[in-house]
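Observations on the model geometry
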Amino acid sequence: MPIIALMYLLCFLDRGNIGNAKLDGLMTQLKLDGNQYNIALTLFFISFSIFDCPANYIIQLVPPSRWLPGTMILWGLIMMLMGFVKNYPQLAGVRFCLGIAESGYYAGITYYLTMWYPKYMLQRRFAIFLGAATSAGAFSGILAYGINFMNGDGGYQGWSWIFILEGIATVVVGCVALLIMVDYPSTAKFLTPNEQQYIIQRREFSEVDEEGDLAAQVRAAITDWQVWAMCIVQLSITVPLYGITYFLPTIINDFGYSTSASQLLSAPPYVFGVIVLLVVAYFSDKTQLRSPFIFATQTIAILGFIINITNAPYGVKYFGTYLCVAGPYTGGAGSIIWLANNLEGKCKRAIGMAIVICMGNLGGAVASNIFRSQDAPRYILGLGIEIMFLVMGMIAVPIIALTYRRLNARKDTLERRAEVDGGDILNAKKRSFRYTL
């Protein structure tokens, strides 16, 4: 867990540090005008979404201990190159390439965790992993504040050093990960055969993991209603999540604070977000429920965005940013794990999760274009759209949960009949699966 959490911290740091670079001279030196900054953000999500599903298919063929660190080293090199861009076309091109390189990590590591942990121990581990992404928002602001003192060193402005230094750190951690990461419990050399068997048996997923051939499981994922239903939930979370990630420093700056103060003030909301994320994950696993906690975090988020769309004093709006960060980051973890708990089959789970993450990242493309410079300082359009998406998710979550409840009731009825009529062991295993609410 420590190494993959550190890897994802750097992944999200590299993805979101452009928001800090924007305040440190990126816009001025590259002469970005109009919506060019927003388009550069959007290109990342376009390439990310295109290559997300193929990347999660590749992890079925390439050992995770090679694939995940390899993609990290690649995106670290691309991040370093971003520090040397001289104009808008170069920035846009490098952002597009960054999306390709990072596309293999998030879905891949999410699937990787499902192969190690039982379904009701999974969200706490995933929260530690995703907490690294939330922490990246805090580190990004603090690092940007410190790196800005290097402005002019070597002939490069502060924004260039943000990309270069954080890219170097990513490459170093990727090389370390190549040496220490392991693949699956069945092949982990540090485990004894008994320990390997114990871990595998604890995973309820393993009861139905190998059902059907690879092509059949891919088709099953694409045609499963719950994959597309969860896409709606994920999209309703990622639009607010990426919106606040990329534009929080700018929003705080428009409260009237200096650039340095804005970088520092963007950190505390993420610290609060990590705390909420870990607490919610603990109780979600303990109660073996997902939907009530997802709905609650959506409520927290919508309250924060409503505060910021009003004419409230800037101090109150800054408090609202804490809710804007905590809600989406916590809800995003819950929705992915909810789907992972409810997809039967190893490959089906990998492809289904990749589809949901892919669709969710299209939310990043939306979020990249709704906070326009002409809407400052209130950003009514952007905040209004994020509220709309949250409402959409708050409608979808209860509907999905009620559908799962009905399906479980149907399985209960079939199991009672099977106990009377008799049935083979395999069918008994299939009947024992229950959807998590």
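The rules behind these values
- Residues numbered from 1 in each chain as written.
- Predicted model: local features only at pLDDT ≥ 70, side-chain atom pairs only at ≥ 80, totals over all residues.
- Heavy atoms only, no water.
- Helix = DSSP H or I, 4+ residues; strand = E, 2+ residues; numbered from the N terminus.
- Buried < 20%, exposed > 50% of the residue type's maximum accessible area, 1.4 Å probe, protein only.
- Contact = heavy atoms within 4.5 Å.
- Areas by Shrake-Rupley, 256 points an atom, 1.4 Å probe, with all protein chains shown as cover.
- Expected span 1.5 Å × (residues − 1).
- Phe/Tyr/Trp six-rings, centres within 6.5 Å; stacked < 30°, edge-to-face > 60°.
- Axes fitted to C-alpha atoms, helices over the stretch in contact; angles between N-to-C directions.
- Parallel < 35°, antiparallel > 145°, perpendicular 65-115°, else oblique.
- Core = buried A, V, L, I, M, F, W, Y, C linked by side-chain atoms within 4.5 Å.
- Left-handed = near helix turned anticlockwise from the far one by under 90°.
- Nonpolar A, V, L, I, M, F, W, Y, C, P; charged D, E, K, R; others polar.
- Lys, Arg positive; Asp, Glu negative; His and termini not counted.
- Salt bridge = Lys/Arg side-chain N within 4 Å of Asp/Glu carboxyl O.
- Polar contact = N/O pair within 3.5 Å; in protein donor to acceptor, adjacent residues only side chain to side chain.
- pLDDT = per-residue confidence, 0-100.

1. Description of the overall build of the chain
- Within the chain, the secondary structure is distributed over 18 helices and zero strands.
- Taken over the C-alpha atoms alone, the chain extends approximately 75 × 50 × 30 Å along its principal axes.
- The buried share among the 437 residues of the chain stands at 57%.
- Restricting to contacts in the chain with at least 6 residues of sequence separation, those with at least 24 account for 81%.
- When the accessible surface of the chain is totalled, it reaches about 17000 Å², and 67% of it is carbon and sulfur.

2. Observations concerning helix 16 (residues 346–367)
- Compared with an ideal rise of 1.5 Å per residue, which puts 22 residues at 32 Å, helix 16 spans 32 Å between its outermost C-alpha atoms and is within 8% of the ideal.
- Within helix 16, 18 of the 22 residues are buried, which leaves it mostly tucked inside the rest of the structure.

3. Considering the environment of R125
- Mapped onto the fold, R125 is located in helix 7 (residues 122–147).
- Judged by its relative accessible area of 21%, R125 is partly exposed.
- Taking the C-alpha atoms as reference points, R125 and Y282, 157 residues apart in sequence, are found 9.4 Å from one another.

4. With respect to the packing of aromatic side chains
- With the rule as written, the count across this model stands at 19 aromatic pairs.
- Pairing Y404 with Y435 gives two aromatic rings, centres 5.1 Å apart and planes at 15 degrees, and the pair type is stacked. Taken together, the residues span a long stretch of sequence, with Y404 in helix 17 (residues 380–421) and Y435 in the segment after helix 18 (425–432) at a distance of 31 residues.
- Classification of Y404 as buried rests on a relative accessible area of 0%.
- What links up through ring pairs into an aromatic cluster is the set Y37, F247, F371 and Y379.

5. Examining the packing of helix 1 (residues 2–16) against helix 11 (residues 225–253)
- Taken N-terminus to C-terminus, the directions of helix 1 and helix 11 make an angle of 70 degrees; their axes are 10 Å apart at the nearest point. Between helix 1 and helix 11, the angle is such that the two are roughly perpendicular. Taken together, the residues of helix 11 that come into contact with helix 1 (itself represented by F12, R15 and G16) are L241, Y242, T245 and Y246.

6. A closer look at the nonpolar core
- Counting 130 residues, the largest nonpolar core has M7, Y105 and F126 as the members making the most contacts within it.
- Those residues in contact with Y105 that sit more than four places away from it in its chain are I4, M7, Y8, C11, L68, T71, W75 and F129.

7. Quick notes on the packing of helix 1 against helix 8 (residues 158–180)
- Viewed as axis vectors pointing N to C, helix 1 and helix 8 meet at an angle of 155 degrees, and their least axial separation amounts to 10 Å. The orientation of helix 1 relative to helix 8 falls into the category roughly antiparallel. In this structure, helix 1 crosses over helix 8, and the sense of that crossing is left-handed. Contact residues: helix 1 offers I3, L6, M7, L10, L13 and D14, while helix 8 offers E166, G167, A169, T170, V173, A177 and I180.
- A breakdown of the residues in the contact of helix 1 with helix 8 according to their chemical character gives nine nonpolar, two polar and two charged.

8. Details of unusual backbone geometry
- The omega torsion across A376 and P377 is 0 degrees, close enough to zero to call that bond cis.
- Structurally, the position occupied by P377 is in the loop between helix 16 and helix 17.
- If you check the backbone angles, Q288 has positive phi at about 60 degrees while not being a glycine.
- Within the element layout of this structure, Q288 appears in the loop between helix 13 (268–287) and helix 14 (291–309).

9. Notes on the side chain of E166
- Within the secondary structure layout, E166 lies in helix 8.
- At 9.6 Å, R95 is the nearest oppositely charged side chain to E166, a buried residue that forms no salt bridge.
- Engagement of the side chain of E166 in a polar contact is seen with the side chain of N17, the distance being 2.6 Å.

10. Here we look at the confidence of the model for the chain
- Per-residue pLDDT for the chain averages 83, and the proportion of residues at 70 or more is 92%.
- Per-element confidence in the chain is highest for helix 14, whose mean pLDDT is 94, and lowest for helix 18, whose mean pLDDT is 52.

11. So, the pattern of salt bridges
- Summed over all chains, the structure comprises four salt bridges.
- Where K348 meets D224, a salt bridge forms, and the shortest distance between an N and an O atom there is 2.8 Å. In this pair, K348 sits in helix 16 while D224 sits in the loop between helix 10 (214–223) and helix 11, placing the two residues 124 residues apart along the sequence.
- Taking the relative accessible area as the measure of exposure, K348 reaches 14% and is therefore buried.
- A relative accessible area of 9% means that D224 is categorised as buried.
- When the shortest N-O distance is used, the salt bridge between D285 and R290 registers 2.9 Å.
- By relative accessible area, R290 is classed as buried at 1%.

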